[in-house]
Amino acid sequence: MQLPGGASPNQGFQAAILERGAIVGGIGFHRTDWEQRATTIGYWIAEDFQGRGTVTRAAARLIDHALDVWELERIEIRAAPDNRRSRAIPERLGFHQERVIPNAERLPYRIAVHVVYVLLSDQWQRR
Ligand SMILES: CC(C)(COP(=O)(O)OP(=O)(O)OC[C@H]1O[C@@H](n2cnc3c(N)ncnc32)[C@H](O)[C@@H]1OP(=O)(O)O)[C@@H](O)C(=O)NCCC(=O)NCCS
């Protein structure tokens, strides 16, 4: 089944990041491939709440879930080359840079480049 916007069902979940009951960010899995035991994590947090390690900690909990509960074997995080804060998250969590995709995403006014970070299940250092 195809959902609006090209999304498919059963690809993971999206979670809200709350501060005193208000949504200040989001993090979740998309493009989960159950056959290949692989998924991708995406995230955002409002500017006033950046710089506290919140998203890094939330990503670590999602990784625990993907590896321990779903028994996936490969987790990807993609970021634009100039998105320093986004790239710092997989780097902090022990992902390795696997490749750069020059024509990764068609946006309204340009084609986006993606840096692809990968974590394999046996590389995860539990904290
Ligand atoms: C990408 C994004 C989520 C990163 O936010 P962030 O606040 O830098 O990430 P974290 O919550 O993990 O915080 C890390 C920061 O907190 C600091 N920090 C403080 N305590 C920390 C802790 N216990 N653990 C880790 N980092 C900690 C880190 O040093 C880092 O700050 P620095 O960059 O000034 O060194 C945010 O910039 C964003 O939402 N951007 C817009 C949307 C976006 O680009 N999404 C990604 C698309 S690929």
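For the structure, see preceding data.
So, here's what we can say about the structure.

1. Re the nonpolar core
So, step 1. Ranked by size, the top nonpolar core spans 26 residues in total, and within it Ile-27, Ile-41, Ile-63, Leu-93 and Phe-95 carry the most contacts.
So, step 2. When residues of this core are traced back to their parent elements, those giving at least two are strand E2 (22–33), strand E3 (38–45), helix H1 (54–69), strand E4 (74–79) and strand E6 (111–120).
So, step 3. If you tally residues by element for this core, the top one is H1, at eight residues.
So, step 4. In contact with Ile-27, other than residues within four places in its own chain, are Phe-13, Gln-14, Ala-15, Ile-17, Ile-41, Gly-42, Tyr-43, Val-55, Ala-58, Ala-59 and Leu-62.

2. Some points on the layout of surface pockets
So, step 1. Space inside the largest pocket adds up to approximately 660 Å³.
So, step 2. If you go around the largest pocket, you meet 34 residues; those closest to its centre are Tyr-43, Asn-83, Arg-85, Ser-86 and Ile-89.

3. Here we look at unusual backbone geometry
So, step 1. A positive phi angle, near 50°, is found at Arg-20, a position not held by glycine.
So, step 2. The residue Arg-20 is located in the loop between strand E1 (14–19) and E2 in this model.
So, step 3. On the accessibility criterion, Arg-20 (83% relative accessible area) is exposed.
So, step 4. Phi angles above zero are rare outside glycine, and Glu-71 is one such case at about 55°.
So, step 5. On the secondary structure map, Glu-71 appears in the loop between H1 and E4.

4. Regarding the sheet that holds E6
Consider a sheet: its strands pair through backbone hydrogen bonds, and that pairing is either parallel or antiparallel.
So, step 1. Ordered by their spatial adjacency, six strands build an open sheet running E1-E2-E3-E4-E6-E5, and the pairing between neighbours is mixed. Single-partner strands in this sheet number two, and they are E1 and strand E5 (96–106). For this sheet, the mean inter-axis angle between neighbouring strands, taken without regard to orientation, is 25°.
So, step 2. Two strands pair when backbone bridges link them, and E2 and E3 are joined in this way by seven bridges, in the antiparallel orientation. What sits directly across from Ile-27, in E3, is Tyr-43.
So, step 3. Lying over the sheet, H1 contacts E1, E2, E3, E4 and E6, oriented at roughly 35° with respect to E2.

5. Focus: the side chain of His-114
So, step 1. Mapped onto the elements of the fold, His-114 is located in strand E6.
So, step 2. Given the relative accessible area of 13%, His-114 is considered buried.
So, step 3. Of the polar contacts made by the side chain of His-114, one reaches the side chain of Arg-78; its length is 3.4 Å.
So, step 4. One polar contact links His-114 to Glu-105, side chain to side chain, over a distance of 2.9 Å.

6. Thoughts on the site of the ligand
So, step 1. Surveying the vicinity of the ligand reveals 19 residues, the closest of which are Ile-45, Gly-51, Thr-56, Asn-83 and Arg-85.
So, step 2. Interatomic distance of 3.3 Å between a side-chain N/O atom of Gln-50 and an oxygen atom of the ligand.
So, step 3. Look at the ligand: alone it shows 950 Å² of surface, and the protein chains cover 66% of it.
So, step 4. Elements supplying a minimum of two residues to the shell around the ligand: E3, H1, E4 and helix H2 (84–92).
So, step 5. Counting residues per element, the shell around the ligand draws most heavily on H2, which supplies five residues.
So, step 6. Broken down by class, the residue content of the shell around the ligand amounts to six nonpolar, seven polar and six charged.

About the thresholds
- Residues numbered from 1 in each chain as written.
- Predicted model: local features only at pLDDT ≥ 70, side-chain atom pairs only at ≥ 80, totals over all residues.
- Heavy atoms only, no water.
- Core = buried A, V, L, I, M, F, W, Y, C linked by side-chain atoms within 4.5 Å.
- Buried < 20%, exposed > 50% of the residue type's maximum accessible area, 1.4 Å probe, protein only.
- Helix = DSSP H or I, 4+ residues; strand = E, 2+ residues; numbered from the N terminus.
- Contact = heavy atoms within 4.5 Å.
- 1 Å grid on protein atoms, 1.4 Å probe; cavity = no way out; pocket = protein on both sides within 12 Å on 5 of 7 lines; lining within 4 Å.
- Points joined across faces, edges and corners; volume = space filled by probe spheres on them.
- Pairing = 2+ DSSP bridges.
- Axes fitted to C-alpha atoms, helices over the stretch in contact; angles between N-to-C directions.
- Polar contact = N/O pair within 3.5 Å; in protein donor to acceptor, adjacent residues only side chain to side chain.
- Near = heavy atom within 4 Å.
- Areas by Shrake-Rupley, 256 points an atom, 1.4 Å probe, with all protein chains shown as cover.
- Nonpolar A, V, L, I, M, F, W, Y, C, P; charged D, E, K, R; others polar.

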